[in-house]
Structure formats: C-alpha cells, structure tokens
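# Working through the structure, step by step
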Amino acid sequence: QNCAQRNPYGLSVGENKHELYQAIDALKRAQANTLTIFEPYCTAARSDRATRRTSVGIWVHFKIMIQLGMDHYITLQLHSDKSKTIIDPNTAYIDDMPASSLMKKYLLRNFVKTKKEFDTTVHENWAFCTVDVGGEKLAYQFANTFNCGLIVANKRRNVAKVNVVESIDILSNEPIQGKTIWVVDDMIDTCGSVVKLLDELKQQGVKEINVAVIHPELSGAAVDKLQQLMEDNVLNNLVCLDTIYITDEIKKRLPRLHVIPSAHFAADLIYRINVGYSITKFFSPIRPYDYLD
C-alpha cells in the first residue's frame with residue numbers, strides 16, 4: 001500500500017511485478033536475442049530465508065524471470081550476499097552492484113569537502129554505526145574508507161511482534177561522547193530500529209547523528225517517525241539513493257533529506273555491459289584523497 005502511494009500510477013509491488021513478467025514474455029516472443037533485467041531495488045530482497053514451509057520470495061522472483069527468458073539480472077546492493085547464489089550461472093548471470101560507492105562519494109563531496117577536513121575532523125570525530133550486528137560488514141567498509149571509528153549496535157527484537165525492537169546495546173572500543181555518528185544500512189523500512197538506536201546514541205552524549213541508507217523503503221509510519229526525529233533535533237541528516245521514488249511531499253516533510261541520483265551510475269554501467277567494456281571499476285574501493293582532488 002505504501003509503495004502504491006509513491007509511484008505515479010498507483011500500482012502495488014505485486015502489480016508491477018506482474019507487468020515485468022508480462023514484458024519479459026513479450027520480448028522473448030518477439031525473439032529478443034538477450035534479455036537483461038535491471039532492478040535498482042529488488043523488492044523481494046528481504047524474503048531470502050527458507051523457514052519451515054514458508055515461501056522464499058526472492059527465489060520465486062528469480063525463478064519466474066529465468067523461466068520466462070531472462071539472461072542477466074542487475075541490481076544495486078542486495079540485502080544479503082547469499083541471495084546471489086540463487087541464480088545458477090549456467091542459466092543466467094547476476095551483477096549485484098555496490099551502490100555504497102555512490103554514498104561514499106556523496107559524503108566526501110558534500111560533508112567532507114577537503115583533505116584537511118578528512119585528516120582532522122573526520123578521522124578524529126566521526127564514527128560509523130550499524131543498525132544491527134548483521135550490518136557490521138557494510139559499516140566496516142565505510143569506517144575503513146573514511147579512516148574513523150566503528151560502532152556496532154546489537155538489537156534484541158520482540159519475538160511476539162513484527163518489526164518491534166525491545167532494546168539496543170552499543171558496542172564500541174572507544175568513547176563516543178561528542179562524536180558525529182553516521183548510522184549506515186542497506187535500507188530503511190519502518191524505522192523502528194532507527195528510532196531506538198538514535199535514542200540510545202543520544203543518551204550516550206554524541207554530538208550529531210546522521211543516517212545513510214541505500215534503499216529508502218519508508219513504509220508504514222516511517223516518515224512520521226523521521227519527521228519527529230528531525231523536529232526534535234535528534235536526526236541531523238538522512239541520506240539515501242533514489243532507487244525507490246521519493247515524493248515531493250516526503251521531501252517537504254523531511255527538510256534535511258538528501259536524495260542521491262543514480263542515473264549516471266546506471267547509464268555508465270549499462271553502456272559498458274552493452275559494448276563489452278569491463279565493469280571492474282564499479283567494484284574498486286574509493287580512494288578518498290584521489291576523489292577529493
């Protein structure tokens with residue numbers, strides 16, 4: 001329902017998937033030689049676990065597209081690395097592109113700006129924080145790129161309720177009082193975890209809290225929660241990619257929301273794949289000094 005309110009045609013995720021499947025079938029019937037699907041955000045990405053007799057949504061999504069004739073699947077920052085193993089390379093190829101590089105460049109360009117700032121303020125006063133233990137790998141990559149501290153948040157959920165976090169423990173090897181914290185994750189959904197985490201960080205005396213995510217799902221009451229966090233000066237900046245459409249209304253309600261365009265990244269990627277150029281550069285680590293030059 002939330003997604004249906006955020007596209008010009010009012011279509012649900014299910015309706016869009018149905019249209020995608022029909023398009024693949026039509027193109028194959030028109031004798032397309034190869035067929036590449038580029039989904040900036042894979043909507044089934046979080047449905048990747050086989051528990052008892054429940055459906056594995058991402059497996060079903062991939063299987064349908066492959067059976068219909070998809071040869072190559074491209075997406076940005078899958079929720080889990082293991083999801084890539086679902087596609088058999090003998091039937092189709094998958095490229096999970098690290099869109100976090102766009103985020104890092106944006107932070108360097110708009111929040112760091114100079115080498116001097118990188119060497120002093122960032123190194124001494126910044127720290128990157130996970131939303132949960134599962135996000136440690138992504139947060140570590142950011143901390144390593146920006147040469148600053150890493151904080152791991154360990155959240156405990158209420159097993160009786162969906163998307164409800166009971167408590168969060170902050171794990172850090174150094175004091176975080178007076179620090180500028182960047183909470184990073186691959187997506188932001190209902191904001192239940194973020195609210196709890198930001199409240200805990202604020203209680204520990206951090207100077208400033210920012211949130212940087214790849215995919216802005218913003219479902220349920222997420223926008224209301226983020227708006228309140230900004231009004232209470234708990235959340236300073238929210239940075240995300242445009243992999244999911246952000247309406248003008250949301251932008252108006254969240255004045256310190258930064259939406260990073262991904263069109264140039266996607267166009268360059270598609271061009272290189274079509275002409276047979278290497279796409280290795282997209283997987284190369286960001287060198288802050290070179291980029292700031």
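Shown above is the structure to which this text applies.
Now for a description of the structure that goes with this document. Here the structure is a predicted model, which is why all the values come from computation and not from measurement.

Conventions and cut-offs
Residues numbered from 1 in each chain as written. Predicted model: local features only at pLDDT ≥ 70, side-chain atom pairs only at ≥ 80, totals over all residues. Heavy atoms only, no water. Pairing = 2+ DSSP bridges. Helix = DSSP H or I, 4+ residues; strand = E, 2+ residues; numbered from the N terminus. Axes fitted to C-alpha atoms, helices over the stretch in contact; angles between N-to-C directions. Contact = heavy atoms within 4.5 Å. Parallel < 35°, antiparallel > 145°, perpendicular 65-115°, else oblique. Left-handed = near helix turned anticlockwise from the far one by under 90°. Phe/Tyr/Trp six-rings, centres within 6.5 Å; stacked < 30°, edge-to-face > 60°. Lys NZ or Arg CZ within 6 Å of the ring centre and 35° of its normal.

## With respect to the sheet that holds strand E2 (residues 72–76)
- In spatial order, the strands read E1-E2-E3; together these three strands make up an open sheet with parallel pairing. The strands lining the two open edges of the sheet, one partner per strand, are strand E1 (36–39) and strand E3 (93–97). Within the sheet, the average angular offset between the axes of one strand and its neighbour, ignoring direction, is 10°.
- Both E2 and E3 contribute to a ladder of five bridges, which runs parallel. Considered in E3, the bridge of Leu 76 is made with Met 97.
- Across the sheet, helix H9 (residues 263–275) is in contact with E1, E2 and E3; its angle to E2 comes to roughly 155°.

## Some remarks on the packing of helix H1 (residues 13–29) against helix H2 (residues 57–68)
- Between H1 and H2, the shortest axis-to-axis distance is 9 Å and the interhelical angle comes to 20°. In terms of orientation, H1 and H2 fall into the roughly parallel class. By crossing handedness, the relation of H1 to H2 is classed as right-handed. From H1, Lys 17, Leu 20, Tyr 21, Ile 24, Asp 25 and Lys 28 reach across to H2, where they touch His 61, Ile 64, Met 65 and Leu 68.

## What about the packing of aromatic side chains?
- In total, this model carries 12 aromatic pairs according to the counting rule given.
- Judged by centre distance (6.5 Å) and plane angle (55°), the rings of Tyr 106 and Phe 111 are tilted.
- An aromatic cluster of at least three residues, connected via ring pairs, comprises Tyr 106, Phe 111, Phe 118, Trp 126, Phe 128, Phe 142, Phe 146, Trp 182 and Tyr 289.
- Geometry around Tyr 289 places Lys 115 over its ring, the cationic atom sitting 5.4 Å from the centre.
- Directly above the aromatic system of Phe 282 lies the positively charged group of Lys 281, at a separation of 5.3 Å from the ring centroid.

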